[in-house]
Structure formats: C-alpha cells, structure tokens
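Letter by letter, the chains look like this.
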Amino acid sequence: MSVRRSIADLSADLADRAESFCRQYFPEGRKQGNYWQVGDTSGAKGQSLAIRLQGQDGRKAGSWTDFATGEYGDLIDLLQERLGSVTLKETLREARSFLGEAPCPAVPRDTRNAERPDAASSKRIARARKLFAAGKPVLGTLAATYLQGRGITRPGPALRYHPRVFLRQGEDAADRPQRTPALLAKITDNRGQIIGCARTYLDPSTGGLAAIESPKRLLGQLHGHAIRFWYGTGRSDLIVGEGLENTLSVGTALPEFDLASCLTASHLGLFIPPPGIKRIWIARDNDEAGRNASKRLRNQLESLGIACGDLVPNMSDFNDDLRALGKDALRRALIEAMKAQGLEIEDG
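Along each chain, residue indices are assigned from 1 in the same order as the chain's sequence is written. At least 70 in pLDDT is required for a residue's local features to be given in this predicted model, at least 80 for side-chain atom pairs to be given and counted, and no such filter applies to totals for whole chains, interfaces and linings, which use all residues. The side-chain quantities take in all heavy atoms of the structure and omit both hydrogens and water.

### Remarks on the nonpolar core
And step 1. We define a nonpolar core as any set of buried Ala, Val, Leu, Ile, Met, Phe, Trp, Tyr and Cys residues linked to one another through side-chain atoms lying within 4.5 Å. Relative accessible area decides the class of each residue, using a 1.4 Å probe on protein chains only: under 20% of the type maximum gives buried, over 50% gives exposed, and in between gives partly exposed. Residues L159, L183 and I239 are the most contacted members of the largest nonpolar core, which totals 39 residues.
And step 2. Listed in part, the 22 residues of the second largest apolar core include L14, A18, F26 and A95.

### Remarks on the packing of helix α2 (residues 18-25) against helix α3 (residues 75-83)
And step 1. Axes here refer to lines fitted to C-alpha atoms; in helices the fit is confined to the stretch in contact. Angles between the N-to-C directions go from 0 to 180 degrees. A run of DSSP states H or I qualifies as a helix once it reaches four residues; a run of E qualifies as a strand once it reaches two. Both are numbered from the N-terminal end. For the pair α2 and α3, interaxial distance at closest approach is 12 Å and the crossing angle is 5 degrees. With respect to α3, the axis of α2 lies roughly parallel. Contacts between α2 and α3 pair A18, F21 and Y25 from the former with L75, L78, L79 and R82 from the latter.
And step 2. Class assignment for the residues of the contact of α2 with α3 results in 6 nonpolar, no polar and 1 charged. These descriptions rest on fixed angle ranges, namely under 35 degrees for roughly parallel, over 145 for roughly antiparallel, 65 to 115 for roughly perpendicular, and the rest for oblique. Should any heavy atoms of two residues lie within 4.5 Å, those residues are considered in contact. All amino acids are sorted into three groups, where Ala, Val, Leu, Ile, Met, Phe, Trp, Tyr, Cys and Pro are nonpolar, Asp, Glu, Lys and Arg are charged, and the leftover types, Gly among them, are polar.

### Considering the sheet that holds strand β13 (residues 279-283)
And step 1. With respect to topology, 5 strands assemble into an open sheet ordered β10-β12-β11-β13-β14, the strand pairing being mixed. Since the sheet does not close on itself, it has two edges, and those belong to β10 (227-229) and β14 (307-311), each with one partner. This sheet shows a mean twist of 20 degrees between the axes of neighbouring strands, independent of strand direction.
And step 2. Two strands make a pair as long as DSSP finds a minimum of two bridges between them. Pairing between strand β11 (residues 237-241) and strand β12 (residues 259-261): 3 bridges, direction parallel. Paired with G241 across the bridge in β12 is S261.
And step 3. The strands that helix α9 (residues 288-303) touches are β11, β13 and β14; relative to β14, the one it contacts most, it runs at about 165 degrees.

### Digging into the confidence of the model for the protein
And step 1. The share of residues in the protein with pLDDT of 70 or more is 87%, and the mean pLDDT across the chain is 85.
And step 2. As a per-residue measure, pLDDT tells how confident the predictor is, with possible values from 0 to 100. Mean pLDDT per element in the protein: helix α1 (residues 3-16) is the minimum at 77, and helix α10 (residues 318-325) is the maximum at 97.
And step 3. The low-confidence segment residues 1-5 (pLDDT under 50) makes 2 contacts with residues lying over four places distant or belonging to another chain.
And step 4. Confidence drops under a pLDDT of 50 for residues 102-117, and excluding neighbours within four residues, the segment shows 35 contacts in the predicted structure.

### Side note on the packing of aromatic side chains
And step 1. For Phe, Tyr and Trp, where Trp contributes only its six-membered ring, two rings pair if their centres lie within 6.5 Å, and the inter-plane angle classes them as stacked under 30 degrees, edge-to-face over 60, or tilted in between. Taken as a whole, this structure holds 2 aromatic pairs when the rule is applied.
And step 2. A centroid spacing of 4.9 Å and a plane angle of 45 degrees characterise the contact between F21 and Y25, whose relative ring orientation is tilted. In this pair, F21 and Y25 are both assigned in helix α2, 4 residues apart and thus about one turn of the helix distant.
And step 3. Under the relative-accessibility criterion, F21 is labelled buried at 1%.
And step 4. With centroids separated by 6.4 Å and ring planes inclined at 40 degrees, the aromatic side chains of F21 and F26 adopt a geometry described as tilted. Just as F21 is buried, F26 falls in that class too.

### A look at the pattern of salt bridges
And step 1. The working definition used for a salt bridge is a side-chain nitrogen of Lys or Arg within 4 Å of a carboxyl oxygen of Asp or Glu. Under the counting rule described, the total for this entry stands at 12 salt bridges.
And step 2. Between R124 and E81 there is a salt bridge whose closest N-O contact spans 2.6 Å. Of this pair, R124 sits in helix α5 (residues 119-133) while E81 sits in helix α3, placing them 43 residues apart in sequence.
And step 3. When its relative accessible area of 17% is taken as the criterion, R124 is described as buried.
And step 4. A salt bridge links R191 to D189; the shortest N-O distance between them is 3.0 Å.
And step 5. The class of R191 is exposed, set by a relative accessible area of 58%.

Written out as structure tokens, the structure is:
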C-alpha cells in the first residue's frame, strides 16, 4: 500500500470518528449542529474554526475551515497543525494511535517550537514572503483609503498593498477563483524574519472591507509571532494588541510606542516577547475573549519577569474608540490608564 493511499485511508477513518476526534484534540470547542466549532488550530476557545462532523450534500465529514485565516483541509492536516511542529510521520503515528492501530503517546503541545516550522509550514511561509514582496507601499493606494476611513494614521513598512491577490472563497465554493485588492501585513518572528502575511481583502468601489466571507485571512505562520511597528530602537516598553486595526488605532494615538499586532485574541495570548522588553501593555478588545487572552499572556509574562499592564477600550475595540472619540481624546485616555498602572511619561 502506498504512503498516499495510507494517508487517504487514515483521513477517511478519522472522518468516520470526527466527533470523537474533536472531543479528544479540541476539548475547548463545542458542537453546533453538524459542526464542531473552536477558536483555531491550537485548540483555543472560539468559533472561527468549523469542523464538519457528518458528510452532507456531497461535503465530506472531517473537512474543516478556519474562517479567520482562510485555511482548510482534512483531519490529517488539522491534526498536524494541532500537534505543532512535528513531522508528517509523527502525525500519522498519532492518527493511528487515536484509531487504535498502534500505541503512540500524543505529542505534548509544549514541544511545539514556533521558531522551527515544519515542511508544510515552510511552504506557506515561502508563499507569504513572495506575496508580501510583490506588494507596493500603501501611500496613495486603496489600502491607504481603507486605513484613513478607520481614522488610522500610522502605517509603516510592515504594510503593503497589492491590487490583485488570489482569493479562494472556500473549500466548497463553486465560484471560480478571483483576484481582489488587499492590504498586506507582514508577520515576523523575533529575529525579524517574515514568517507570514495577513491579507485584508478590500472592496475597490467603497474602500472598505470586501463583501465576502472572512475578508481577513492569513498565509504562513502566526503562532507566537506578530505584525510589528517600530518607532525607534532601544525601547523597553511594547504595546501588544489583538486585531491589526485595533493595534494601529492605539499606535495612532501613541505614535512614540512600538507596536505588535497578534491579529486574534487567541494569538494574543500566545505572543512570544522579544529580548530586551521589560514591560508590555496588552491592548485587548473589551470582551470575554480579550479578557481571557490578556490573562493568559499576563501569566506568561510574569513567569518571565516582564511587567505588564492592561489597556481596555471604552467601546468594543480601540478602533471604535478612535473613530468615536478622536485621536487626542484616545491619547489622553490611554496615557491616564498607563499612568494609573505606573508608567512615568511626560505628555505634551
């Protein structure tokens, strides 16, 4: 039996036990109709990732889509993502163990090494680098119109624009692939290497988000990393935020601070701080997911001896605050919150 056939058989067998698979590897998720919903491939709480439990209308059981990133696949793909940076051979061993074919302990999630992507991740990273390199500066483009429409005045070299980015509607989409303008944002590790590219698809007629399912998608790797906006060198404070617009809104009000955007609440809680940082300000959304992510990151930072503070918007997120209050009022609110938590700063 060929390796390819073996993988296909394992995938089909896993699909037959999709719900049991989900309950074992994604216990933080929950069943919603014919789907198991969870936050992402790391198993965090949420609803962005949907796993089909039973075949229906020609759609296969075990197929999944992460609507936050646009990624999808079968349960073999999902298991490899869940286990982390392991080889395909190790993933197949774990699948066989789950199916009762061979004794093999699950690979602990703590063994995941965010700095050493596996072969499949390396291919996605290479595609992300190629895509970002094909972009052009944001100034004067549709991407600039999008950011200005949200009151954001702090772009930077981490952002680029491409007028024709490949767009796949989804695994089951019958429409032919198309190309759509997009704001590109490079995701880097602590060495400054590009390991991912976030795509925000835009509507050319309005300058807003494209009217598609999941207009914000990820190519490459994000776990532990971020989109970074540096003000200068040698600073010991860093503002780490959730979504790109949320983080850039804080940066618009506080242009003298370095920024790192983790894109989602789940990944905010997984952020790996760079060397030399002594204090991190967690700019989260004003919801339960944001609170949980902040708590998780705070616990990690405290174990590393890094001080931290919380920045919480008055409304749902800081972009809502920026557009409602204006840049100056948001700045005053942020500095007041920082001073209350021990920051010595001269404002004015």
